[in-house]
Amino acid sequence: DGGITQSPKYLFRKEGQNVTLSCEQNLNHDAMYWYRQDPGQGLRLIYYSQIVNDFQKGDIAEGYSVSREKKESFPLTVTSAQKNPTAFYLCASAEGAKNIQYFGAGTRLSVL
Amino acid sequence: AQSVTQPDIHITVSEGASLELRCNYSYGATPYLFWYVQSPGQGLQLLLKYFSGDTLVQGIKGFEAEFKRSQSSFNLRKPSVHWSDAAEYFCAVGANYGGSQRNLIFGKGTKLSVKP
């Protein structure tokens, strides 16, 4: 089945630790996105990538990093510089100029 | 600046009643408009989309939305709500971001509760 797979579903971070969230897609989409969701805040864009080996900062990139070495994969690292990482993280991919985005099931990150 | 407003944070309707969720956008050009639905702890599922043409668009699960340029609105409707429709609904507009590439700007969502 084609789709977007995010792992793990739940993740816990210790103080000062970096953690990496996985996002894999087999839809052959060029564009991929990472969003952060907090209650009552909607979705806020962290990073996006339109093509392999290229990515751009979104609205709230501070404390996060990404890579795009393969078309299928767009991992997000939450660094120790992100002081308030507790949130629900959503990955999406899109094709074409109309940017129809499809989402994974999300990863919930909490701080120990 | 591009923006999306969903004026209702939480709506409760009775099962079988009709539903309308409001969405207003701010965008200079012809927008691409989307509605997504999210069940608790899950990702977002695309309900419907508008790019151009007929201003009344049909989506999945019996939902429809009407684009009204004069009101900058794209309201979501359903004639008869089912208990399984209880979820959070997000309106989004496709907007230019960092140049020519379109991105999506999301509203803050409307949570729908359904009374038996």
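A quick note: this is a predicted structure, and the numbers were derived from the prediction, not measured.

What counts, and at which threshold
Residues numbered from 1 in each chain as written. Chains lettered and ligands numbered in written order. Predicted model: local features only at pLDDT ≥ 70, side-chain atom pairs only at ≥ 80, totals over all residues. Heavy atoms only, no water. Helix = DSSP H or I, 4+ residues; strand = E, 2+ residues; numbered from the N terminus. Rg over C-alpha atoms; globule rule 2.2 N^0.38 Å. Contact = heavy atoms within 4.5 Å. Areas by Shrake-Rupley, 256 points an atom, 1.4 Å probe, with all protein chains shown as cover. Lys, Arg positive; Asp, Glu negative; His and termini not counted. Charge placed at Lys NZ, Arg CZ, Asp CG, Glu CD. Phe/Tyr/Trp six-rings, centres within 6.5 Å; stacked < 30°, edge-to-face > 60°. Lys NZ or Arg CZ within 6 Å of the ring centre and 35° of its normal. Pairing = 2+ DSSP bridges. Axes fitted to C-alpha atoms, helices over the stretch in contact; angles between N-to-C directions. Salt bridge = Lys/Arg side-chain N within 4 Å of Asp/Glu carboxyl O. Nonpolar A, V, L, I, M, F, W, Y, C, P; charged D, E, K, R; others polar. Disulfide = S-S within 2.5 Å. Buried < 20%, exposed > 50% of the residue type's maximum accessible area, 1.4 Å probe, protein only. pLDDT = per-residue confidence, 0-100.

**Side note on the overall build of chain B**
Piece 1. In terms of helices and strands, chain B carries 0 helices and 12 strands.
Piece 2. Along chain B, helices (α) and strands (β) appear in the sequence β-β-β-β-β-β-β-β-β-β-β-β when read from the amino end.
Piece 3. A compact globule built from 116 residues should have a C-alpha radius of gyration of about 13 Å, and chain B, at 14 Å, falls within 12% of that.
Piece 4. For chain B, the spread of C-alpha atoms along the principal axes amounts to about 45 × 30 × 20 Å.
Piece 5. Once local pairs closer than 6 in sequence are excluded, the contacts in chain B between residues at least 24 apart make up 53%.
Piece 6. When the accessible surface of chain B is summed, it comes to about 5,500 Å², and 48% of that surface belongs to carbon and sulfur atoms.
Piece 7. For chain B, the distance from the average site of its 11 positive side-chain charges to the average site of its 8 negative ones is 5 Å.

**Side note on the packing of aromatic side chains**
Piece 1. For the structure shown, the criterion picks out 16 aromatic pairs over all chains.
Piece 2. Through successive ring pairs, a cluster of aromatic residues spans Y33, Y35, Y48 and F103 of chain A together with Y32, F34, Y36, F51 and F106 of chain B.
Piece 3. Between the NZ or CZ atom of R68 of chain A and the centre of the ring of F74 of chain A, over which it lies, the distance is 6.0 Å.
Piece 4. Its end group placed over the ring of F51 of chain B, K98 of chain A keeps NZ or CZ at 5.4 Å from the ring centre.

**Here's the deal with the sheet that holds strand β3 (residues 19–25) of chain A**
Residues and elements named next belong to chain A.
Piece 1. Spatial ordering of the open sheet is given by β1-β3-β8-β7, a layout of 4 strands whose pairing is antiparallel. Two strands lie at the open edges of the sheet, namely β1 (4–7) and β7 (64–66), each paired on one side alone. Strand-to-strand twist of the sheet, defined as the mean angle between neighbouring strand axes without regard to direction, takes the value 20°.
Piece 2. Bridge analysis of β7 against strand β8 (residues 76–78) gives 3 bridges, and the strand direction is antiparallel. Bridging from a neighbouring strand, S65 pairs with T77 of β8.

**Some details on the interface of chain B and chain A**
Piece 1. Listed per partner, the contact involves 21 residues of chain B and 25 residues of chain A.
Piece 2. Our count for the contact surface shared by chain B and chain A stands at 0 salt bridges.
Piece 3. Going through the elements one at a time, β5 (32–38), β6 (44–50) and β11 (102–106) of chain B are the ones with two or more residues in the side of chain B that touches chain A.
Piece 4. Residues belonging to the side of chain B that touches chain A are distributed by class as follows: 10 nonpolar, 8 polar and 3 charged.

**Topic: the state of the cysteines**
All names here are of chain A.
Piece 1. A complete count under the given rule lists 2 disulfides over all chains for this structure.
Piece 2. The disulfide partner of C23 is C91, and the S-S distance across this bridge is 1.9 Å. Taking the torsion about the sulfur-sulfur bond, which here is approximately -75°, the covalent link between C23 and C91 counts as left-handed. You can see C23 sitting in strand β3 and its partner C91 sitting in strand β9 (residues 87–95), a full 68 residues away along the chain.
Piece 3. Overall, C91 belongs to the buried group, its relative accessible area being 0%.

**Looking at the pattern of salt bridges**
Piece 1. The tally for this structure, following the rule as stated, stands at 7 salt bridges over all chains.
Piece 2. With its nearest N and O atoms 2.9 Å apart, the salt bridge here joins R22 of chain B to D8 of chain B. Here R22 of chain B is found in the loop between β3 (19–21) and β4 (24–26), whereas its partner D8 of chain B is found in the loop between β1 (3–5) and β2 (10–14), with 14 residues between them in sequence.
Piece 3. Across the pair D85 of chain B and K78 of chain B runs a salt bridge, and its minimum N-O distance is 2.8 Å. For the pair D85 of chain B and K78 of chain B, a shared accessibility class is recorded, and that class is buried.
Piece 4. Among the charged side chains, a salt-bridge network with shared partners connects R36, D38 and R44 of chain A.

**As for the confidence of the model for chain A**
Piece 1. The predicted model of chain A has a mean per-residue pLDDT of 93, with 98% of residues at 70 or higher.
Piece 2. Mean pLDDT across the secondary structure elements of chain A bottoms out at strand β2 (residues 10–13) of chain A, with 93, and peaks at β7 of chain A, with 98.

**Considerations on the environment of P31 of chain B**
Piece 1. Residue position: P31 of chain B is located in the loop between β4 and β5.
Piece 2. When neighbours within four sequence positions are excluded, P31 of chain B is seen to be in contact with Y25, Y50, F51, F67 and V93 of chain B.

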